[in-house]
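Letter by letter, the chains look like this.
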Amino acid sequence: MMLHVPQAISLEAVKRIRRLIDAASWADGRITAGTQSAQVKNNRQLPEDSPASRDARLIVLDELGKSALFFSAALPKRIYPPLFNRYEGAANSFGNHVDNAVRTFAPTGENVRTDLSATLFLCDPDDYDGGELMVQDTYGAHSVKLPAGDLILYPAASLHRVEPVTRGARIASFFWIQSMIRDVERRRLLFEMDMAILQLRQTQGETEPVVSLVACYHNLMRMWAEL
Ligand code: NI
């Protein structure tokens, strides 16, 4: 399942993050790439241990914590501390690859199984040409280019790439999520159920059938959640 989360973080947060990271020094993006992806990765990335990176990822995590849509779709157990990348000039693309199944956050040694990948856009589509995130799933290829502050969630198991940026700079944050619900179909079912309950609540209020559905949702979570 791919899901677009509009305004996953506020524009004010985007500005604060940009002030921090635009002034920082960027490194070769291959610092976090595996063997296969290093062959096709050509971008810039903020070193994970830089002060700008630490401050900026706290803003991202703090803002994501307020997004009910993000929580409902991802049901996060662990979030890999967000990274930041930049595609510009000669370092402007990332060819087809699949993200590593397990990422270890070096400073703490914590492992995150990558059930979901996320890209959070930190600049507007007008700021650059090209740079589409292309995600291949069972329904074909999807091209993604979103406004600043918007986020796309997609299955980490899917083949994906970033098309060459031919003008301007594409600046984004990216990270992975280990979900409490590992199975993608179960996660999708819970998400659809949660969205339907929300709509029913708005139109009917807390009627008895709504309460029963909420109980079903929580009982499915209880049955399936890995904590
Ligand atoms: Ni990737």
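None of these values were measured; they are calculated from a predicted model.

A. Highlighting empty space enclosed by the protein. Under the counting rule described, the total for this entry stands at two cavities of 30 Å³ or more. Its volume calculated, the largest cavity comes out at about 280 Å³. Going through the elements one at a time, β6 (83–88), β7 (93–97), β10 (116–121), β15 (159–162) and β16 (165–179) are the ones with two or more residues in the lining of the largest cavity. Counting residues per element, the lining of the largest cavity draws most heavily on β16, which supplies five residues. No other element matches the three residues that helix α5 (residues 184–204) contributes to the lining of the second largest cavity. Its residues placed into classes, the lining of the second largest cavity shows five nonpolar, no polar and three charged. Built from parts of two domains, the lining of the second largest cavity gets at least three residues from each of domain 1 (3–179) and domain 2 (184–224).

B. The arrangement of helix α3 (residues 51–64) in detail. The terminal C-alpha atoms of α3 lie 20 Å apart, and with 14 residues this matches the ideal 20 Å at 1.5 Å per residue to within 8%. Those residues of α3 that fall on the buried side of the exposure criterion are A52, S53, A56, R57, I59, V60, E63 and L64. One side of α3 holds all its buried residues, which, seen down the axis, span an arc of 155 degrees. For α3, the exposed residues set more than 90 degrees away from the buried face come down to P51 and L58.

C. Looking closely at the coordination of the nickel ion. The nickel ion binds to the protein through H97 (NE2), D99 (OD) and H160 (NE2), with metal-donor distances spanning 2.1 Å. Mapped onto the polypeptide sequence, the residues donating to the nickel ion form the spacing pattern H-x1-D-x60-H. Within this pair, whereas D99 is found in the loop between β7 and β8 (102–105), its partner H160 is found in strand β15, the two being separated by 61 residues in sequence. Take D99 and H160: they sit in the same class, and that class is buried.

D. Main features of the packing of aromatic side chains. Counted by the stated rule, this structure contains four aromatic pairs. Centroid distance F70 to F175: 6.5 Å. Interplanar angle 65 degrees. Geometry classified as edge-to-face. Highlighted residues: F70 in helix α4 (residues 68–74) and F175 in strand β16, separated in sequence by 105 residues. Take F70 and F175: they sit in the same class, and that class is buried. Ring geometry for Y80 and F105: centres 5.6 Å apart, planes at 90 degrees, overall edge-to-face.

E. Highlighting the sheet that holds strand β3 (residues 41–42). One open sheet holds the five strands; their spatial order is β3-β7-β15-β12-β13, and the pairing between them is antiparallel. Looking at strand neighbours, the two that pair on one side only are β3 and β13 (140–144), the edges of this open sheet. With two bridges connecting them, β3 and β7 associate as antiparallel partners. Residue pairing in the sheet places K41 in a bridge with F94 of β7.

F. Here's a closer look at the nonpolar core. Counting 45 residues, the largest nonpolar core has I17, I21, F84, L122, L151 and L153 as its most contacted members. Counting residues in each nonpolar core, the second largest holds 12 residues, with L75, I197, L220 and W224 among its members.

G. Broad picture of the layout of surface pockets. Approximately 360 Å³ is the volume found for the largest pocket. Around the largest pocket, the lining comprises 18 residues; the ones closest to its centre are M1, D137, T138, P155 and V184. Every element with two or more residues in the lining of the largest pocket is listed here: β12 (133–137) and α5. Per-element accounting of the lining of the largest pocket gives the leading share, four residues, to α5. Split by domain, the lining of the largest pocket shows at least three residues from each of two domains, domain 1 (3–179) and domain 2 (184–224).

Conventions we followed
Residues numbered from 1 in each chain as written. Predicted model: local features only at pLDDT ≥ 70, side-chain atom pairs only at ≥ 80, totals over all residues. Heavy atoms only, no water. 1 Å grid on protein atoms, 1.4 Å probe; cavity = no way out; pocket = protein on both sides within 12 Å on 5 of 7 lines; lining within 4 Å. Points joined across faces, edges and corners; volume = space filled by probe spheres on them. Helix = DSSP H or I, 4+ residues; strand = E, 2+ residues; numbered from the N terminus. Nonpolar A, V, L, I, M, F, W, Y, C, P; charged D, E, K, R; others polar. Domains from an automatic or database assignment. Expected span 1.5 Å × (residues − 1). Buried < 20%, exposed > 50% of the residue type's maximum accessible area, 1.4 Å probe, protein only. Arc of directions from axis to C-beta. Donors = N, O, S within 2.8 Å, 3.2 Å for Na, K, Ca; no water. Phe/Tyr/Trp six-rings, centres within 6.5 Å; stacked < 30°, edge-to-face > 60°. Pairing = 2+ DSSP bridges. Core = buried A, V, L, I, M, F, W, Y, C linked by side-chain atoms within 4.5 Å.

Purely geometric numbers; function is a separate question.
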